[in-house]
Amino acid sequence: MKLTPEQQAMLDGAQGETMAKVVKTLVMYGDAFGAERMVPITSKCGHTVISFGLKAIQPVYDLYDQLIAAGLTSGQKFTADPRPIDPAVPSSLLEDIVFKKIMYTHQEKYEQQLKKLGITKDEDYTCTCYLDQVGNKPEKGDVLSWAESSAVVYANSVLGARCNRNSGIIELMGSVAGFVPEFGLLTDEGRKATWVIEVKCKEKPEAQLLGSAIGMKVMEEVPYVKGLDQWLGTELNEEACSYLKDFGAATASNGAVGLYHIEGLTPEAKEQGEALIKEGAQVYVIDDEELTRVKASYPIVWKNPDAAPALCFVGCPHLSLTQMEDWCERITEKLRERGLQRITVPTVFTASPAVIREAEKGTIAARLRSLGVIISYICPLMYMNNPLCKKKPVITCSNKLRTYTSARFYTEGEILDIITGKEGTK
Amino acid sequence: MKQFKGRVIVPGTCRAEALVSHGGFNTLASFQMALMFGDKQVKCGDQNNPDIYKKPMLGKALCLPMTIGSTTGGMVLYTACAIGKQPACMLFSKPIDSLAASGAILGDVWTDASMPVVDSLGDEFLDYVQTGMTVTIGEDGIVTVE
């Protein structure tokens, strides 16, 4: 890799030993992918995936202490993933003990570290930092040093920014140095599609199920998706963006997708069309039968597969305001059909603090609560990391949550039926 | 016995028993419970990976195509290295992915742990190696499976 004189001096220790190690890490990272140079980060803000003060990752906090002691903080402010604990979410006394005394014992201390390192503000803990209400929304072409798989794939695909699937810690080191190695999704060539996905479903496919199928098939490669325009249209409106948010999160967690193109909709697909598809790209046809097959392949890891759900999580990644409004209408309608006032399964809707604040300004938050829905800023994945949850029959329509925890996946329609007490559902 | 030539990402020599994942290795899902609750054998917690689910990973030659999943992956690998709970080595059939590279490099630069990493060993490597076989990484980065 060819470094500028200033970057070389940093590597040689001109700004201290710790900065030299930061730059060495980034150089090795770039070398592993044949990067020829470093490029400056151009986004206004960064985003870190590490938002939790988990006792088990003490070495991470020790490393951050080294950065802080050396006077190295992020050159740009950054947002962070959701907090792991929220008293609004139901938990038993035993679960509370595990959360507070065993798992997230370092939360307060870690949040102090994040303040020193440069977090934007105290409420900016969410995986959907790119939503308008939060405001960490990069411009097309911006170079980012972000981590959080669902945010990276959204920024690349829907916003047209440029970011590799960086790991936690590495993303902060990029922000500290002010530059990142240029490879992969930062290059024009790396953004070309090596898979063509032909969606031939009879009805609009569930975003999280379609994303799962594509992620498991293409893994880390770039898919170019055809056939979604009949349902999503050709404009990135609120509804389309919410769909792509959930779709992308599933491609990234069930596989390792960092960028997708949607024909006629996402910015680069609109500009370049099929010129984005590499010669010799493989083809994957997805119809309703294929989605049924994929869903049936998910293992059910509940102790008792026939157990009645004890808890439901909706909002991984965090819900948009549009989604909260949509769910509110659908639950209201279903309960009316069934002559019920409130949902029958404890259900948590998760969203960013900024989106929740907007929901509080209007009627949505109050209406959802009146239906029995709990609203929280928590990360459901971090809640489910509690080993006691293995015995708890939790349901979700998030394929990311399913992948990392014992939560059982149902489509949004199935979830709606279950939580509104449809006969024959559990 | 068969030998494979790959690309050295983190140098080092190693001899260990193979643990083979034919599907993508989900780093967070595999390590999170073991690291969080101090499992001495670091058993794999990824229920979606039938090849290695519940099998000990500590000290094994982890053979895999690539890693997948959450971008905490590199941080998880770094943590495993920092507390001495890492695999003996990681051997990738494909070119290494960004999350695994991050973890391996962070472990190399910021900890004293030894976890040699070789990538691009080819599909034939993953077809040949089986869990329980002995894997050796030589000084030249050549991987011997027997």
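Criteria and cut-off values
Residues numbered from 1 in each chain as written. Chains lettered and ligands numbered in written order. Predicted model: local features only at pLDDT ≥ 70, side-chain atom pairs only at ≥ 80, totals over all residues. Helix = DSSP H or I, 4+ residues; strand = E, 2+ residues; numbered from the N terminus. Rg over C-alpha atoms; globule rule 2.2 N^0.38 Å. Buried ≥ 20, exposed ≤ 12 C-beta atoms within 10 Å, placed from the backbone. Contact = placed C-beta atoms within 7 Å. Pairing = 2+ DSSP bridges. Domains from an automatic or database assignment. Nonpolar A, V, L, I, M, F, W, Y, C, P; charged D, E, K, R; others polar. Core = buried A, V, L, I, M, F, W, Y, C linked by C-beta atoms within 7 Å.

> Which parts of the structure should I look at to understand the overall build of chain B?
Looking only at helices and strands, one finds 4 helices and 10 strands in chain B. From first element to last, N terminus to C terminus, chain B shows the α and β order β-β-β-β-α-β-β-α-β-α-β-α-β-β. What you see for chain B is a C-alpha radius of gyration of 13 Å, in line with the 15 Å of a compact globule of 146 residues. By principal-axis analysis of the C-alpha atoms, chain B measures approximately 40 × 30 × 25 Å. Burial statistics for chain B: of 146 residues in total, 60% are counted as buried. Sequence separation of 24 or more characterises 78% of the internal contacts of chain B that already satisfy a separation of 6 or more.

> Hey, could you run me through the sheet that holds strand S7 (residues 261-262) of chain A in this one?
Neighbouring strands of a sheet are bound in pairs by backbone hydrogen bonds; such pairs are parallel or else antiparallel. Strand order in the open sheet formed by 4 strands is S7-S6-S5-S8 (chain A), with parallel pairing between adjacent strands. Of all strands in the sheet, those bounded by a partner on one side alone are S7 and strand S8 (277-286) of chain A.

> Is there a simple way to think about the domain arrangement of chain A in this case?
Many structure descriptions define interface size as the accessible area lost when the parts assemble. Residues and elements named next belong to chain A. Splitting chain A by domain gives domain 1 (5-186), domain 2 (192-292) and domain 3 (311-419). Relative to domain 3, the C-alpha centre of domain 1 lies at a distance of 28 Å. With 24 residues of domain 1 at the contact, the number on the domain 3 side is 23 residues. Its residues assigned to classes, the side of domain 1 that touches domain 3 shows 15 nonpolar, 4 polar and 5 charged.

> When you look at the sheet that holds strand S9 (residues 311-319) of chain A in this model, what are you seeing that I'm missing?
Residue and element names in this part refer to chain A. On the basis of which strands lie adjacent, the open sheet formed by 5 strands has the order S11-S10-S9-S12-S13 and parallel pairing. Each of the sheet's edge strands pairs with one partner strand only, and the pair in question is strand S11 (373-376) and strand S13 (408-409). Taken together, the 4 bridges between strand S10 (residues 347-351) and S11 define a ladder with parallel strand orientation. Counterpart to Val-348 in the pairing with S11 is Ile-374.

> Explain the nonpolar core here, please?
Nonpolar side chains in soluble globular proteins tend to be buried together. Residues Ala155(A), Met324(A), Phe349(A), Ala61(B), Cys63(B), Leu91(B) and Ala104(B) are the most contacted members of the largest nonpolar core, which totals 195 residues. Setting aside anything within four residues of it in sequence, one finds Ala155(A) in contact with Tyr130(A), Pro138(A), Leu144(A), Trp146(A), Ala161(A) and Cys163(A).

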